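# Structural characterization, general
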Amino acid sequence: MRQSQLPIDKILAALRKASRHWTSTTLAQITRETDNPFKILVATVLSARTKDITTLEAARRLFKAASTPREMMKLPRRAIEKLIFPVGFYRTKAKNIRKLCQTLVDKYRSEVPETLETLVTLSGVGRKTANLVITMAFQKHGICVDTHVHRISNRWGLVKTRNPKETEFALYNVLPKKYWIGYNDLLVSFGQNICQPVSPFCCRCPVEKLCPKINVSKHR
Ligand code: SF4
């Protein structure tokens, strides 16, 4: 199936319908609890290489102790480490959170910047995090590409790319703009529940008949 023939509207509609039965992502849960861009930014930083439930619990503990950049800066690094443990790389993340709070206070009057170009200058914030913040916190257009989005978009043949950065730029050309904002959340949830990395559950996939399964050598 060539990329131009992939019925992306049908696929995303089927996934949205099926997603009601899947566990939602941490970020979706955080955005249901708050529309505060600062909390969404910090939770996104915490979520890198960390299980969803661990991120959610760590974020809740941290925000109970501090919920603004100024309050966060009052917490010693060790205290932040203790609050966010056992998220992956908790020591580095604690250091980055303090540094980014300092920058927000010093340069942005404690506000979270709304552009990708500025967000990526903050400590611990890469394109993936920045795109997630602009889409989830500000409802601005962007495509957040993590390993799930990269893997699944390639399995569908929507893109043919070697890494998430290439996927992000390829998707800007082939994915209709109306899908950009929700694409990450939908595919992360789909990737965690059905289209898993090693052996996807094709037998219970709602888009099995539409999927060319590119480079899928083993499935259930
Ligand atoms: S059919 Fe399999 S490889 Fe294709 S999207 Fe579904 S789970 Fe993923």
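I will try to describe carefully the structure that is included in this document. Because the structure is a prediction, the values reported are computed rather than measured. (Residues numbered from 1 in each chain as written. Predicted model: local features only at pLDDT ≥ 70, side-chain atom pairs only at ≥ 80, totals over all residues. Heavy atoms only, no water.)

Turning next to the pattern of salt bridges. Under the defined criterion, the tally for this structure stands at eight salt bridges. One salt bridge in this structure joins E208 and K213, with 2.7 Å as the shortest N-O distance. Residue E208 is classed as partly exposed on the basis of its relative accessible area of 29%. According to the relative accessible area criterion, K213 is partly exposed, its value standing at 21%. (Salt bridge = Lys/Arg side-chain N within 4 Å of Asp/Glu carboxyl O. Buried < 20%, exposed > 50% of the residue type's maximum accessible area, 1.4 Å probe, protein only.)

Quick look at the nonpolar core now. One recurring pattern in soluble globular proteins is that nonpolar side chains are buried together. Formed by 40 residues in total, the largest nonpolar core has its most connected members in L41, L62, M72 and I84. Looking at this core, the elements with two or more residues in it are α2 (26-33), α3 (37-47), α4 (52-65), α6 (77-84), α7 (90-108), α8 (116-119) and α9 (127-136). Looking at this core element by element, the count peaks at seven residues for α3. Non-local contacts of M72, meaning those with residues more than four positions away in its chain, are made with F38, L62, F63, A66, I80, I97, R98 and C101. In this structure, L12, W156, F190 and F201 belong to the second largest nonpolar core, which totals 28 residues. (Core = buried A, V, L, I, M, F, W, Y, C linked by side-chain atoms within 4.5 Å. Helix = DSSP H or I, 4+ residues; strand = E, 2+ residues; numbered from the N terminus. Contact = heavy atoms within 4.5 Å.)

Before going further, it helps to examine the site of the ligand. Taken together, the neighbourhood of the ligand is formed by R155, W156, F190, C195, P200, C202, C205, E208, C211, K213 and V216. Here the residues of the shell around the ligand are counted per class, giving eight nonpolar, no polar and three charged. (Near = heavy atom within 4 Å. Nonpolar A, V, L, I, M, F, W, Y, C, P; charged D, E, K, R; others polar.)

These results come straight from atomic positions and should not be treated as a statement about function.
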